[in-house]
Amino acid sequence: MTTRVGVYPGTFDPITNGHADIILRAVKIVDRLIVGVARNAGKGPMFTTDERVEIVREELKHLDPEAAKRIDVRPFDNLLMHFAIEVGASVIIRGLRAVSDFEYEFQMAGMNNRLNPNIETVFLMASDKYQFISSRFVKEIGQLGGDVSHFVSARVAARLAERFALASKSAVKP
Ligand code: ADP
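Analysis parameters
Residues numbered from 1 in each chain as written. Predicted model: local features only at pLDDT ≥ 70, side-chain atom pairs only at ≥ 80, totals over all residues. Heavy atoms only, no water. Pairing = 2+ DSSP bridges. Helix = DSSP H or I, 4+ residues; strand = E, 2+ residues; numbered from the N terminus. Axes fitted to C-alpha atoms, helices over the stretch in contact; angles between N-to-C directions. Contact = heavy atoms within 4.5 Å. Salt bridge = Lys/Arg side-chain N within 4 Å of Asp/Glu carboxyl O. Phe/Tyr/Trp six-rings, centres within 6.5 Å; stacked < 30°, edge-to-face > 60°. Buried < 20%, exposed > 50% of the residue type's maximum accessible area, 1.4 Å probe, protein only.

1. Re the sheet that holds strand 2 (residues 32–38)
Within a sheet, each strand pairs with its neighbour through backbone hydrogen bonds, oriented either parallel or antiparallel.
Here is step 1 of the chain: Across the sheet, which stays open at both edges, the five strands sit in the order 3-2-1-4-5 with parallel pairing between neighbours. Of all the strands in the sheet, the pair left with one neighbour each is strand 3 (71–76) and strand 5 (120–125). Shown here is a sheet whose adjacent strand axes are inclined to one another by a mean of 30 degrees, direction ignored.
Here is step 2 of the chain: For strand 1 (residues 5–10) and strand 2, the ladder comprises six bridges, and the chain directions are parallel. Residue P9 lies in a different strand from strand 2, and its bridge partner there is G36.
Here is step 3 of the chain: This element, helix 1 (residues 17–26), spans strand 1, strand 2, strand 3, strand 4 (91–96) and strand 5 of the sheet and lies at about 120 degrees to strand 5.
Here is step 4 of the chain: Seen against the sheet, helix 5 (residues 102–115) touches strand 4 and strand 5 and runs at an angle of roughly 170 degrees to strand 4.

Following this line, the structure appears as structure tokens:
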């Protein structure tokens, strides 16, 4: 029997309830899931790669310890297709929110298919309750002192609060 391995790549800066939902659903359709945390320096992430990996691991341990046994969280900074091959994946999992993600995801899936037609991209529709959540807005809301508890776990909210407190201490007031 072959083991079906899936890769769920993203920046996870930080992991939101929307990401967690996709992870827990994805692990039902593969035997092993690799959450690939992209270094993605271009996006200027708020948390370092190691921090993002650690935060995702911590989340999974709390959310579903049983499922977590079949999930690996790994950083990567090479081409997604190369990373997928490296970990022996046959599917790439992506989450799809309403209209906003479609064009980007459609293009990426098409180009990845050209790079390697043996690895399929599988899309999971965002659950209605998490449809509007994005890491970017979570950071913006948190930075302005808003309540992010509907969008991320209490653990992630605490990490964000800690990060913003540090940032405001070191900020030079104009
Ligand atoms: P990227 O750097 O690829 O944008 P993200 O961490 O933002 O990485 O997202 C990783 C994947 O998770 C993408 O497929 C994205 O569409 C999906 N995703 C992000 N937020 C949600 C959400 N709220 N519900 C479902 N999928 C989501």
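2. Digging into the pattern of salt bridges
Here is step 1 of the chain: The final tally for this structure, using the stated rule, is 13 salt bridges.
Here is step 2 of the chain: Taking the shortest distance from any N to any O, the salt bridge between R32 and D72 comes out at 3.4 Å. Residue R32 is found in strand 2, and its partner D72 is found in strand 3; the two are separated by 40 residues along the sequence.

3. Considering the packing of aromatic side chains
Here is step 1 of the chain: With the rule as written, the count across this model stands at three aromatic pairs.
Here is step 2 of the chain: Judged by centre distance (4.4 Å) and plane angle (10 degrees), the ring pair of F76 and F83 falls under stacked. Across the pair, F83 and F76 agree in class, each one buried.
Here is step 3 of the chain: With a centroid separation of 5.4 Å and an interplanar angle of 20 degrees, the aromatic rings of F102 and F106 are classed as stacked.

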